[in-house]
Amino acid sequence: MIFGISSAKLQKKVSKFLVYLLLTAGGVIVAFPFYWMLSTALKVPGQEFASFFLFPRNPQWINFVKGWTILPFTRWLWNTVIITGGSVAGQILSGSLIAFGFARTKFRGRDFLFLVCLSSLMIPFQVTMVPQFILFKHLGWLDTFKPLIVPFFFGGNPFFIFLLRQFFLAIPSELDQAARIDGCGTFGVFTRIVLPLSKPALGIVAIFSFMWRWNDFLGPLIFLNSTKKYTLALGLRFFRGQLHVEWTYLMAVSFLVVIPCLILFFIAQRYYIQGIVMSGIKG
Amino acid sequence: MGKVVTKKSSYYRWRAREGYLFILPWLIGFCVFMGGPIVAAFLMGFTDWSMFKPPGFVGVANYLKIVQDSFFWQSLKVTCIYLLNVPINLALGLFLALLLNQNIRGQGIYRTIFYLPSVTSGVAVAILWLWIFMPDIGLINNLLSKVGIEGPLWLMSERWVIPAFIILSMWSVGGMMLIYLGGLQGIPTSLYEAAIMDGANFWKKFLHITLPILTPILLFNLIMSVIGSFQIFTTVFIMTRGGPNYGSLFYVLYIYFNAFEWFKLGYASALAIILFLIILGATVFIFRSSAKWMYYEK
């Protein structure tokens, strides 16, 4: 016995302490780059290296405005909003329709086709990007937002079809029967029973597809040419490529680009966590 | 004779047609944006199409050229070395999830912090880590110098550039950790209690209860991270563009360069088909081998 505590209890206390220590150390390491981004953004331009680790004594909040106005970021923000909004809307619309088809209707080859849908998740965009590029070139859609929005009205990312289908499967079919007895057609079951009950899942789809569309880089890179059509991702890269850009301004604008996703995350945390867990457990 | 309702009756046919209607967007989308392009890429791989002249059939010439292309082998090598991040992150994610699963206060806060990096991505993150990895003035080397270690040149060193990207991947391990955590929380505590009564220590509990039950989740995380490792693009493109001296010439980056900077569309398509086959093979292999170590609830 040491200090009146049994050795088993002491061992438990020490291991608990170690757990907290490791978790906190890990948390600090993981969170530090964000702190770093913000603190660099607020330093006086050209003096990023003064008092390196400390938060700047007089934070230059004006850097956000100054950095943002160096290039037409507002226009690029607007482009990104249109593209993201359009593709998220399309994803939710088509994703739910298709998932309902796979979950609730019966037809020959249904499960096989679902397997095909799922396996297309494995294929990186880089495999199909060249033919897609040529297709859009022939359609005259290059340097427009269309290649970045239209595919999402036709299924979009199979991951979301999968997620919604699993969710729909869990809705008891007795509700369907009840609605049909009341004269509801299949589409009515979709709009009046399944969709209203699926708000959490639809929320998850909205949040994740927003995040992925907002940060998309390769798509805009190959489909958009003129600077005025750029998204924030392309604009940031353009910004980085300029000569004599101060790191403070780079960090400031990067932080602004990242902020919508951070805010969305903090507001909808529960949905994020739920979405991740659901995909892993049911996957 | 009475009318027998068979599966071919018009009601069933109508219901089946409904199903097709619902998935019609996917059928169209798949053919136009996925299946069609794959077939097209396959066909284009047999041409010498470049942006400047119409395609000419060259048979398997592209594939023969690929085998002799040292950049092709280099990019395969780079991508394979980077695949080391998979076991590292699989273990790290599990370790963190195990830590978080102990009854601790503030679990939600830790979860949030660890997941935060996965929420941000793309160009902003690439620029941030470019800044962090700067040899003299960046965060990491600055910290190292305070303890008297001279840090490597990271993104400017052939030896350290892939480890740098692996470190970057470890930063976003929070997503995998959450999935593990979900799985851990689904393990009934009665199993552990029974084991304790039989005198099992931590290791025995882990190896004989936790790990077997987690194998489906392990499989999921394994496949997701392997596929993800093949797709890494934005960070590489922004941070190193394949350098230094092709030390970070990831495979998909090489495809991109061939297609959109050197305009060798036929060659790029051949490369893309090879990638497709590699991923197909890897996935099948993982699935097949998983039969040996997967644990199913009886």
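In case you missed it, the structure is sitting above this.
What comes next is a walk through the structure. Worth saying up front: this structure is predicted, and the values here are computed from it rather than measured.

Rules used throughout
- Residues numbered from 1 in each chain as written.
- Chains lettered and ligands numbered in written order.
- Predicted model: local features only at pLDDT ≥ 70, side-chain atom pairs only at ≥ 80, totals over all residues.
- Helix = DSSP H or I, 4+ residues; strand = E, 2+ residues; numbered from the N terminus.
- Rg over C-alpha atoms; globule rule 2.2 N^0.38 Å.
- Buried ≥ 20, exposed ≤ 12 C-beta atoms within 10 Å, placed from the backbone.
- Contact = placed C-beta atoms within 7 Å.
- Expected span 1.5 Å × (residues − 1).
- Nonpolar A, V, L, I, M, F, W, Y, C, P; charged D, E, K, R; others polar.
- Axes fitted to C-alpha atoms, helices over the stretch in contact; angles between N-to-C directions.
- Parallel < 35°, antiparallel > 145°, perpendicular 65-115°, else oblique.
- Left-handed = near helix turned anticlockwise from the far one by under 90°.

### Thoughts on the overall build of chain A
When helices and strands are counted, chain A shows 14 helices and zero strands. Taken from N to C terminus, the helices and strands of chain A fall in the order α-α-α-α-α-α-α-α-α-α-α-α-α-α. Taken over the C-alpha trace, chain A has a radius of gyration of 25 Å; the compact-globule value for 283 residues is 19 Å, which it surpasses by more than 25%. Seen along its three principal axes, the alpha-carbon backbone of chain A occupies a region of about 75 × 70 × 35 Å. Sorting the 283 residues of chain A into buried and exposed places 41% on the buried side. Contacts spanning at least 24 positions in sequence make up 77% of the contacts within chain A whose residues lie at least 6 apart.

### Describing the overall build of chain B
On a plain count of helices and strands, chain B comes out with 14 helices and zero strands. Shown N-terminal to C-terminal, the secondary structure of chain B runs as helices and strands in the order α-α-α-α-α-α-α-α-α-α-α-α-α-α. A compact globule built from 298 residues should have a C-alpha radius of gyration of about 19 Å, whereas chain B, at 25 Å, is more than 25% larger. The C-alpha extent of chain B, read off along each of the three principal axes, is 80 × 65 × 35 Å. The buried share of chain B, taken over its 298 residues, is 37%.

### Regarding the environment of B:Ile162
Residue and element names in this part refer to chain B. With respect to the secondary-structure elements, isoleucine 162 resides in helix 8 (residues 161–171). Residue class for isoleucine 162 comes out buried when judged on the 21 C-beta atoms lying within 10 Å of it. The spatial distance from the C-alpha of isoleucine 162 to the C-alpha of phenylalanine 250 is 9.7 Å, given a sequence separation of 88 residues. Sequence-distant contacts of isoleucine 162, that is, excluding residues within four places in its chain, are made with Val78, Ile81, Tyr82 and Ser248.

### A short note on the environment of B:Gly35
Note on placement: B:Gly35 falls in helix 1 (residues 10–44). Taking the C-beta count within 10 Å as the criterion, B:Gly35 has 16 such neighbours and is therefore assigned partly exposed.

### Thoughts on helix 9 (residues 174–185) of chain B
Residues and elements named next belong to chain B. In a regular helix each residue adds 1.5 Å, so twelve residues correspond to 16 Å; helix 9 covers 16 Å between its end C-alpha atoms and thus fits that length. Among the twelve residues that make up helix 9, nine are buried, leaving the element largely enclosed by the rest of the structure. Turning to helix 9, its buried residues are Gly174, Gly175, Met176, Met177, Leu178, Ile179, Tyr180, Leu181 and Gly183.

### Notes on the interface of chain A and chain B
Each side of the interface is counted separately: chain A has 70 residues, and chain B has 72 residues. Listing elements by their share of the side of chain A that touches chain B, those giving two or more residues are helix 1 (7–41), helix 3 (73–104), helix 4 (110–119), helix 5 (125–139), helix 11 (218–223), helix 12 (232–241), helix 13 (247–267) and helix 14 (269–282) of chain A. The element best represented in the side of chain A that touches chain B is helix 1 of chain A, accounting for 13 residues. A per-class count over the side of chain A that touches chain B returns 48 nonpolar, 17 polar and five charged.

### Digging into unusual backbone geometry
Residue and element names in this part refer to chain B. The step from glycine 243 to proline 244 runs through a cis peptide bond, and the omega angle for that step is -15°. In this fold, proline 244 is placed in the loop between helix 12 (234–239) and helix 13 (251–261). In this structure, tryptophan 154 is a non-glycine residue whose phi angle is positive, near 45°. Locating tryptophan 154 in the fold gives a position in the loop between helix 7 (139–146) and helix 8. Given 24 C-beta atoms within 10 Å, tryptophan 154 falls into the buried group. In this model, asparagine 245 sits at a positive phi of 55°, which is unusual for a non-glycine residue. When you line up the elements, asparagine 245 lands in the loop between helix 12 and helix 13.

### Some remarks on the packing of helix 1 of chain A against helix 5 (residues 107–119) of chain B
One way to put it is that helix 1 of chain A packs onto helix 5 of chain B with a least axis distance of 9 Å and a crossing angle of 40°. The angle between the axes of helix 1 of chain A and helix 5 of chain B places the two elements in the oblique class. Note on packing geometry: the crossing formed by helix 1 of chain A with helix 5 of chain B is left-handed. Of the residues in helix 5 of chain B, those in contact with A:Leu23, A:Gly26, A:Gly27, A:Val30, A:Ala31 and A:Phe34 of helix 1 of chain A are B:Tyr110, B:Ile113, B:Phe114, B:Leu116 and B:Pro117. Split by residue class, the contact of helix 1 of chain A with helix 5 of chain B holds nine nonpolar, two polar and no charged.

### Thoughts on the packing of helix 10 (residues 199–214) of chain A against helix 13 of chain A
Residue and element names in this part refer to chain A. Between helix 10 and helix 13, the least distance of the axes is 10 Å, while the angle of their chain directions is 170°. By the angle class used here, helix 10 and helix 13 are roughly antiparallel. With respect to the hand of their crossing, helix 10 and helix 13 are arranged in left-handed fashion. Residues Ile207, Phe210, Met211 and Trp214 of helix 10 lie in contact with helix 13, whose contacting residues are Pro260, Cys261 and Leu264.

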